[in-house]
Amino acid sequence: MASWHEAREISRGVWSIAEPSHVNMWLIEGRDRAVLLDTGLGIARVRPVVEELTTKPVSVVNTHYHFDHVGGNHEFDDTAIHEAGAALLVEPVPREVLDRYLAYALELVRAAEHVREADGRYFHLLDADSLPRPLPDGFDPAAWTIAPPAPSRTLTEGDVVDLGGRALRVLHTPGHSGDSICLLDDASGILFGGDTINTGPIYAQFHDSDVATFAKSAARLAELKDEVTMVAVNHFGRTTAAPYLLQEISDGFDRVLSGSTPFRQAHDCIGERVTEAVFDRFSILLAPAVAQRLHHT
Ligand SMILES: [Zn+2]
Ligand SMILES: [Zn+2]
């Protein structure tokens, strides 16, 4: 039976560790140490996967405090998050949210069964990084909790995480959540986009999201597109994207803010009603009340 994680070296010293179609974590190795960017859902232990890939000491950096990015934090001693997320990180996650997410995980596996044959014959989009897997043997849904310890360090805009011969620059990019960060590996030009950049729905609908702030962060990232060689993506079926996506997403937010793009009704992964603006390679999800306000101004 396949394990829960799929690891792949996508560039020298940079691995994606996917929970296929859920969360992609990133392991980035320098000369002296390594960073694990996010720890996923905590459905299976991630540390053994990391230890097969690197022998360097590993610190965790979280892109933000949301439960799907911090589930394995407790497996590591050294964890860091943006200062705005430190208190939020240790707040309990409502049981209902976890149960709804598990229902979504089962739905994903069933949905993949429906499209698998057609994909294999016609489209060839699903692969080991994207084909969702059944919950692992021995996983007890009722016992699943997300309980990250308090971070050992906090990060702020402009901090540099030095791995020895490789430096990761912290870009504070609020919008999805107030504490969202991206990391830029100046040496390779890889931008780690967190939940700010996605190739599927971009979540701007949460109570702690702010669409105008999100648009500013997206515009800031678009300005970097000439120095970025690749975008490392945290969710859905694709693990990487080309830098032109940064400009497209920034343009998408501008169109959402100006009310010049059609909206439709949809649901997010835990079944909440949202309003969606659909673009060629991604969509933007908004709280229905926010969307209504945008279309009336
Ligand atoms: Zn998130
Ligand atoms: Zn997420």
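Everything below is about the structure printed above this text.
Thresholds applied
- Residues numbered from 1 in each chain as written.
- Chains lettered and ligands numbered in written order.
- Predicted model: local features only at pLDDT ≥ 70, side-chain atom pairs only at ≥ 80, totals over all residues.
- Heavy atoms only, no water.
- Helix = DSSP H or I, 4+ residues; strand = E, 2+ residues; numbered from the N terminus.
- Rg over C-alpha atoms; globule rule 2.2 N^0.38 Å.
- Buried < 20%, exposed > 50% of the residue type's maximum accessible area, 1.4 Å probe, protein only.
- Contact = heavy atoms within 4.5 Å.
- Lys, Arg positive; Asp, Glu negative; His and termini not counted.
- Charge placed at Lys NZ, Arg CZ, Asp CG, Glu CD.
- Donors = N, O, S within 2.8 Å, 3.2 Å for Na, K, Ca; no water.
- Tetrahedral: all angles 85-135°; square planar, octahedral: opposite > 155°, others 65-115°.
- Pairing = 2+ DSSP bridges.
- Axes fitted to C-alpha atoms, helices over the stretch in contact; angles between N-to-C directions.
- Core = buried A, V, L, I, M, F, W, Y, C linked by side-chain atoms within 4.5 Å.

A.B. asks: Even after reading the chapter, I still don't get the overall build of the chain, so can you show me in this structure?
C.D. replies: If you tally the helices and strands in the chain, you get six helices and 17 strands. The C-alpha radius of gyration computed for the chain amounts to 18 Å, which stays within 12% of the reference 19 Å derived for 297 residues, consistent with globular compactness. Each principal axis of the C-alpha atoms in the chain carries an extent, and together these give about 55 × 40 × 40 Å. Sorting the 297 residues of the chain into buried and exposed places 53% on the buried side. A separation of at least 24 residues holds for 63% of the contacts in the chain among residues at least 6 apart in sequence. Computed over 25 positive and 43 negative side-chain charges, the inter-centroid distance for the chain is 3 Å.

A.B. asks: Just checking my understanding: could you explain the coordination of the zinc ion (ligand 2) for this structure?
C.D. replies: Looking at the metal site, the zinc ion (ligand 2) is ligated by D68 (OD), H69 (NE2), D195 (OD) and H235 (NE2), spaced 2.0 to 2.4 Å from it. Coordination geometry of the zinc ion (ligand 2): the four donor atoms subtend angles of 88 to 157° at the metal centre, consistent with an arrangement described as irregular. In the primary structure, the donors to the zinc ion (ligand 2) are separated according to the pattern D-H-x125-D-x39-H. Taken as an interatomic distance, the gap from the zinc ion (ligand 2) to the zinc ion (ligand 1) is 3.4 Å; D195 donates to each of them. Of this pair, D68 sits in the loop between β5 (58-61) and β6 (79-82) while H235 sits in the loop between β13 (230-232) and β14 (240-241), placing them 167 residues apart in sequence. We note that D68, like H235, is buried.

A.B. asks: I would appreciate a short explanation of the sheet that holds β5 in the present structure.
C.D. replies: One key point about sheets: their strands pair by backbone hydrogen bonds, in either a parallel or an antiparallel sense. Read from one edge of the open sheet, seven strands run β1-β2-β3-β4-β5-β6-β7, paired in mixed fashion. The sheet is open, and its two edges are formed by β1 (6-11) and β7 (153-155), each paired on a single side. Adjacent strand axes in the sheet meet at a mean angle of 25° when their direction is disregarded. Bridge count for strand β3 (residues 24-29) against strand β4 (residues 34-37) is four bridges, and the pairing is antiparallel. Across the sheet, the residue bridging to E29 is A34, located in β4.

A.B. asks: It is not clear to me how the nonpolar core should be interpreted in this structure. Could you clarify?
C.D. replies: The tendency in soluble globular proteins is for nonpolar side chains to be buried as a group. Residues L191, L221, I249, F253, V256, I284 and L286 are the most contacted members of the largest nonpolar core, which totals 30 residues. Among all residues touching I249, those that are not within four sequence positions of it are I197, N198, I202, A218 and F282. Core analysis: the second largest hydrophobic core is formed by 24 residues, L41, L89, W144 and I270 among them.

A.B. asks: Is there a simple way to explain the coordination of the zinc ion (ligand 1) in this structure?
C.D. replies: Geometry sets the ideal angles at a metal, namely 109.5 degrees for four tetrahedral donors and 90 or 180 degrees for six octahedral donors. Those protein atoms acting as donors to the zinc ion (ligand 1) are H64 (NE2), H66 (ND1), H176 (NE2) and D195 (OD), and they sit at 2.1 to 2.3 Å. One can describe the donor arrangement at the zinc ion (ligand 1) as irregular, given that its four donor atoms subtend angles of 88 to 178° at the metal. Each donor residue of the zinc ion (ligand 1) lies on the same chain, and together they follow the pattern H-x1-H-x109-H-x18-D.

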